[in-house]
Amino acid sequence: MNGPNSAPLDTRVVIGSAVLRNPTIAASGCYNRGAEFGAIVDVSRYGAVTLKSITRHPRLGNDMPRIATTPAGMLNAIGLQGPGIEYFLTHEAPKLTSVPTAVIASVAGFTVDEFADVAAAMDGLPNVVAIELDVSCPNVDREGECFAAEATSLARVVEAVKSRVKLPVIPKLMPNVADLKPIARAAQEAGADAVSLINAVRGMVIDVVRARPMLANRSGGLTGPAIRPIAVHAIWEVAQTITIPIIGIGGVEKGSDALEFLFAGATAIGIGTANFRDPLVHVKVTEAIELEMQRRGASSVGQLTGLAHPGFAGKPGARGAPVATKETQA
Amino acid sequence: MNGPNSAPLDTRVVIGSAVLRNPTIAASGCYNRGAEFGAIVDVSRYGAVTLKSITRHPRLGNDMPRIATTPAGMLNAIGLQGPGIEYFLTHEAPKLTSVPTAVIASVAGFTVDEFADVAAAMDGLPNVVAIELDVSCPNVDREGECFAAEATSLARVVEAVKSRVKLPVIPKLMPNVADLKPIARAAQEAGADAVSLINAVRGMVIDVVRARPMLANRSGGLTGPAIRPIAVHAIWEVAQTITIPIIGIGGVEKGSDALEFLFAGATAIGIGTANFRDPLVHVKVTEAIELEMQRRGASSVGQLTGLAHPGFAGKPGARGAPVATKETQA
Amino acid sequence: MPTTSPQLQLATITSREYRPPGFWCVSIRCPDIARTAGPAQYVALDLPGGFAVRLPLGIFTVKGDDFTVLFQEWGERTTRLAHAAVGDSLTCIGPLGNQFSPPKRSGHAILAGGGLGVAALWLLARDLRAHDVKANIVIGARSADRLVGVRDLARHGFDVEVCTDDGSAGFAGTVVEKVRALRRPDVIYACGPRAMLRALCDHAEREGIDCQISMEETFGCSLGTCWGCVVPVRRGSAQGTSYPRASEEARDYDLARVCADGTVFHAKDVVWV
Amino acid sequence: MPTTSPQLQLATITSREYRPPGFWCVSIRCPDIARTAGPAQYVALDLPGGFAVRLPLGIFTVKGDDFTVLFQEWGERTTRLAHAAVGDSLTCIGPLGNQFSPPKRSGHAILAGGGLGVAALWLLARDLRAHDVKANIVIGARSADRLVGVRDLARHGFDVEVCTDDGSAGFAGTVVEKVRALRRPDVIYACGPRAMLRALCDHAEREGIDCQISMEETFGCSLGTCWGCVVPVRRGSAQGTSYPRASEEARDYDLARVCADGTVFHAKDVVWV
Ligand SMILES: Cc1cc2nc3c(=O)[nH]c(=O)nc-3n(C[C@H](O)[C@H](O)[C@H](O)COP(=O)(O)OP(=O)(O)OC[C@H]3O[C@@H](n4cnc5c(N)ncnc54)[C@H](O)[C@@H]3O)c2cc1C
Ligand SMILES: Cc1cc2nc3c(=O)[nH]c(=O)nc-3n(C[C@H](O)[C@H](O)[C@H](O)COP(=O)(O)OP(=O)(O)OC[C@H]3O[C@@H](n4cnc5c(N)ncnc54)[C@H](O)[C@@H]3O)c2cc1C
Ligand SMILES: Cc1cc2nc3c(=O)[nH]c(=O)nc-3n(C[C@H](O)[C@H](O)[C@H](O)COP(=O)(O)O)c2cc1C
Ligand SMILES: Cc1cc2nc3c(=O)[nH]c(=O)nc-3n(C[C@H](O)[C@H](O)[C@H](O)COP(=O)(O)O)c2cc1C
Ligand code: FES
Ligand code: FES
């Protein structure tokens, strides 16, 4: 991709102690263990892959149907199907050595202890460079409200995990809140090394023939291009609030979408649903980012991060200084 | 539409003291004063039209651009452009007599008093049958948090308006909250006659050529089919929480979308963005509802409301008994 | 039930044929898929138009470099495909899924298709003919006008019997009733609505007949990565993924992904819940 | 600047012509629009494919029952239209917007088009020819390959001068420079990029020339209902909507909707902010 006279492009990004070869990360739940994509695309071109969230106990997940299509998106309610941490450690973790790129492990839990225990068990697994916390599960101690819905419960999870784990810890925030800023701030103050945002947006589709919700679980998580503007806004707001890196996720399906995320303040880009439609999406997005770096004379991806913020500092890896955003609606 | 042997179809719906001829309502901000649509479609076929939200003072609104397109949706940041209540009362309100259907007035404000004063001034205007409260504006007394983001500030607005107004009062809730249920409950307890949901979802699009937010206001409200699953979920949840009618809004563009809303628990259907694409959408949706009433042998629209809820009572106008919903994600 | 390695392919629409009421047979040029596709395999199609999820469709017939898909114009994606222009390009991932296994020895087979289930049977009939297997093909629909694919399947020279629920064509009754009335085969191959498959599996089990069914679920990824399309299978059966059972878990089965572990399952492995 | 009553119309694509690099001229059969469209009017098109917002495009040429649109393949909607099949149907709302007004007496006009701004000039040239007005047409683009519509406009028999920023065809310079170099007209009609329109308005004001410009903004409704497409106009000017001014309001202008009050505005009314 480099022109004859251009400086070498450094597409690496840094998330705590983890260095990814490029900013594209397969989002949790959309990648399985990689054998499937490995048959179609060179997975070593991914910056990282995130594993499906692992819980303490095995879970069969929700009944069928688990998927519905929506305008420019889809709804899923898999229900955290998985083998549980013990089976994972014995049977699946050893295979991680063959993943040709960095691995981010994902933990889901219903109590603070479950997060801490499962995360601790994943710390130090081969190839695993960071641990993401899927804090959108209903918190059993707090009337089923999600951990990520509220600053103090999120902080408790992050602190508990940080005290047990050496790898970078990345809570994954959800968009279903009135104000993401205090929640992101709480994550940073509790020691998070980065935040991922956004998780799927709560949604529902009703089958009008049967007059019943389409999904067996009734509601599900809305993902895909439909939610991209929600993700861009979340990244923008959080980028003005915290200084740790942001992994922007939600509806990215092409290079310009990833640039929107970078310019809004993301350091790396999570890609979920778009993998289903275009297994080459990581490669294409990385190439588009490289082209944009050349166009703007940026020698590292970090120089693109936050570019759309008025107070953008323009230094490599720096994000714009916090600036108040006018938020008048309609 | 009636078959030879079928009972006459009663498409009327009741919102407090207001009786609408059918359940389709043009959503606020998408209808102006009606002359525009009147040239293309018979507005007497609408159940009601909601006026653009009126504020106390005149507002020029936001700078341009105010609109961006998004996957299966659009972003708007009009900024509550409007003449202010005094000018409205003298120059525009008298023309409401010529609107060939029921009118719902909409009030926006930045303080509780502003809501109460403007709503009181609209009470009793010709043709106006209800007053909707656009409580998604930043609350100047509460660090810019929106009134609808939190149960107590919403309750204060509703109570203040109810004490000044005879017409049914309909707060319009926003989806950007962790849990709509306590907020809807607060609205009902404060005396609301119905709730509208959802308002636009906060979003942003970045122009990757200029590396700046596309909208002059930076963020805007996401509307259109992209947000429909979010609206269906909100209606479902709120229908399990309160007993007053719900006006379901968000991404309806065809008959089956409206049925999703009715089955999820809506009494009436607000249609915004879809008017732009299909000025006949109200007529088509009403016809689809009539067909469905015939298919299911329902003599009133109310018999379709809430049909997808497991505890659906099946009585005209009744909604399903509250049933706990499993909300496991992903 | 062999699987081939699926590929992401650029393809072109070469013809469109409307089959009233509401069905289409669209032909797509994609040599690699046309050459390697086996019975019951499918493709995952991506069309321009803002769809987040690929459209899975069975590979119906193949001829030279082209294969066809037979589908009903239904939701957004099938409507888009039905109205794509000849010459338009699209991308396909395929051939996807496992395949019907031919009988071990040349014996007698019944191929049963309900509605659009016929789409899974053409390649099978072609292969059985090549393997010298005798076969009855039974195709059912609600009514005569909704019978599709009969003409295409008849081309292999097998006897095709049609059934309609309302008796408007052929045998008046369901595919299952017709199959029960036929001579006992060595193997039943079936694709169609869930209720039909379940009844056929019951029949096959009672009679001790080998039975392979091609199942359908709403797909997310079509690639085996999202676990959105699972079916319950007997614990320990080869196609399922076995986890330890959680203490509070009442459900006692494994799960298999229709998209990647199927779509073809042995009747004896499927748990109907 | 008369307005006609727009209608919702079912229409059919009758031809597609690719004009490299990246432009298309698509012909649409819709008799009511083809017969009544006036200079600078546009249509709002709706294509299948999950778009929430109609695509506004200027009405370029008309012939019999058909009109054409000239556009660049750019985002989702223009790409969809470019690749729609001949015979596909779509709905149009139109003709929308006001029109360029012919000069009061047959005088001398300059028609200035930048880039795709030419799309607003064909009907105007046709009408001016019919009214016996003399006109120079000036069309500009960044480079020779990006000049579109010149051939079509030449058909009315007016002198068409082309300009390119890089000098690769015709006059080396901007449309504004070329207009300044021409004989002083009675009226300037213009459509094109904002910077070009602003410079022409400045020129016209300095020289005291009547100037009408067709403006563009991102549209939401295209119908005058959403106030998404406003431009600032002089307080009290006929096309704007005048409200009382709020006490803290610094901005001192009225707002007009490009979609419904325009797209044509008098240079003297526009406030450039
Ligand atoms: C492996 C596999 C192979 C398939 N092969 C074929 C095939 O060869 N021919 C074919 O026509 N279809 C086939 N299907 C089904 C096809 O993929 C779906 O019908 C598809 O979802 C339709 O997409 P759509 O966007 O048009 O409708 P959607 O917008 O996805 O459909 C809307 C809703 O309608 C329901 N629905 C969709 N189609 C039907 C239907 N036919 N009857 C009743 N409800 C329906 C869905 O559950 C969905 O929720 C296959 C599916 C799978 C998984
Ligand atoms: C009254 C009116 C008449 C118009 N007539 C024409 C016409 O005759 N021919 C024509 O080609 N266009 C015309 N346009 C512009 C056309 O409507 C837009 O280009 C349209 O938004 C493109 O839609 P899209 O979905 O393809 O791209 P979008 O997905 O809407 O475009 C993505 C982004 O690119 C920007 N963008 C779109 N087009 C361009 C462009 N050409 N150059 C730079 N940035 C752009 C937009 O701001 C948008 O944010 C007209 C617009 C108006 C309001
Ligand atoms: C089928 C599916 C399963 C998912 N499972 C998980 C999960 O287990 N844990 C998690 O944190 N996120 C999960 N997600 C959310 C994604 O990681 C991502 O946040 C979301 O899909 C938005 O990104 P996208 O629009 O690119 O898909 C899942 C998403 C999908 C579509
Ligand atoms: C251009 C535009 C302007 C709007 N203005 C208002 C408004 O002034 N007050 C209000 O309560 N909602 C306003 N809305 C929100 C709509 O009333 C509606 O809640 C939202 O658009 C979702 O419905 P839809 O998807 O059918 O458009 C506006 C929406 C649009 C698209
Ligand atoms: S559809 Fe994703 S695993 Fe089968
Ligand atoms: S685009 Fe809606 S008012 Fe002009």
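On a predicted model such as this, the values are computed, not experimentally measured, just so you know.

Peer 1: Looking at this model, I keep getting lost on the packing of aromatic side chains. Mind explaining?
Peer 2: To describe a pair of aromatic rings, you give the distance between the ring centres and the angle between the ring planes. In total, this model carries twelve aromatic pairs over all chains according to the counting rule given. When the ring of phenylalanine 115 of chain B is compared with that of phenylalanine 147 of chain B, the centres are 5.5 Å apart and the planes differ by 85 degrees; the resulting orientation is edge-to-face. Here phenylalanine 147 of chain B lies in the loop between strand 8 (128-134) and helix 4 (151-162) and phenylalanine 115 of chain B lies in helix 3 (residues 112-122), a separation of 32 residues in the sequence. For the pair tyrosine 42 of chain D and phenylalanine 219 of chain D, a centre-to-centre distance of 5.5 Å together with 65 degrees between the ring planes defines the contact as edge-to-face. Here phenylalanine 219 of chain D lies in the loop between strand 13 (210-214) and strand 14 (230-233) and tyrosine 42 of chain D lies in strand 3 (residues 42-46), a separation of 177 residues in the sequence. As far as the burial class goes, tyrosine 42 of chain D and phenylalanine 219 of chain D line up, both buried. A cation over an aromatic ring shows up here: arginine 129 of chain C above the ring of phenylalanine 158 of chain C, its NZ or CZ 4.3 Å from the ring centre. Here the guanidinium or amino end of arginine 257 of chain D rests over the ring plane of tryptophan 227 of chain D, the centre of that ring lying 4.8 Å away.

Peer 1: Got a minute to help me understand the confidence of the model for chain C in this structure?
Peer 2: Close reading of the predicted structure is inappropriate where its pLDDT is low. Residues of chain C with pLDDT of at least 70 account for 98%, and the chain-wide mean is 92. Scored by ipTM, the complex comes to 0.93, with pTM at 0.93.

Peer 1: Quick question: what am I supposed to make of the pairing of strand 7 (residues 89-96) of chain C here?
Peer 2: Residues in a regular strand point their side chains to alternate faces of the sheet. Residues and elements named next belong to chain C. In terms of residue burial, strand 7 counts as a mostly covered element, since six of its eight residues are buried. Direction of pairing for strand 1 (residues 7-19) relative to strand 7: antiparallel, over a ladder of six bridges. Residue glutamine 9 lies in a different strand from strand 7, and its bridge partner there is cysteine 92. Bridge count between strand 3 (residues 42-46) and strand 7: four bridges; the pairing is antiparallel. Bridged to leucine 45 within strand 7 is cysteine 92.

Peer 1: Please clarify how the site of ligand 4 should be interpreted in this entry.
Peer 2: Taken together, 22 residues lie around ligand 4, and Ser28, Ser53, Lys172, Gly251 and Thr273 of chain B are the ones closest in. Neighbouring residues of ligand 4 are not confined to a single chain but are spread across chains A, B and D. A distance of 3.2 Å separates an oxygen atom of ligand 4 from a polar backbone atom of isoleucine 198 of chain B. Look at ligand 4: alone it shows 600 Å² of surface, and the protein chains cover 100% of it. Per-class residue counts for the shell around ligand 4 are eight nonpolar, eleven polar and three charged.

Peer 1: Explain the pairing of strand 13 of chain D here, please?
Peer 2: Residue and element names in this part refer to chain D. Of all the five residues making up strand 13, four are buried; the element is thus mostly covered by neighbouring parts of the structure. Bridge count between strand 12 (residues 187-191) and strand 13: five bridges; the pairing is parallel. Paired with tyrosine 189 across the two strands is glutamine 212, which belongs to strand 13. For the crossover that starts at strand 12, traverses helix 6 (residues 194-207) and ends in the parallel strand 13, the hand is right-handed. Strand direction decides the pairing type here: strand 13 and strand 16 (residues 264-266), joined by three bridges, are antiparallel. If you follow glutamine 212 over to strand 16, its bridge partner there is histidine 266.

The rules behind each value
- Residues numbered from 1 in each chain as written.
- Chains lettered and ligands numbered in written order.
- Predicted model: local features only at pLDDT ≥ 70, side-chain atom pairs only at ≥ 80, totals over all residues.
- Heavy atoms only, no water.
- Phe/Tyr/Trp six-rings, centres within 6.5 Å; stacked < 30°, edge-to-face > 60°.
- Helix = DSSP H or I, 4+ residues; strand = E, 2+ residues; numbered from the N terminus.
- Buried < 20%, exposed > 50% of the residue type's maximum accessible area, 1.4 Å probe, protein only.
- Lys NZ or Arg CZ within 6 Å of the ring centre and 35° of its normal.
- pLDDT = per-residue confidence, 0-100.
- Pairing = 2+ DSSP bridges.
- Near = heavy atom within 4 Å.
- Polar contact = N/O pair within 3.5 Å; in protein donor to acceptor, adjacent residues only side chain to side chain.
- Areas by Shrake-Rupley, 256 points an atom, 1.4 Å probe, with all protein chains shown as cover.
- Nonpolar A, V, L, I, M, F, W, Y, C, P; charged D, E, K, R; others polar.
- Right-handed = clockwise from strand over helix to strand, strands pointing away.

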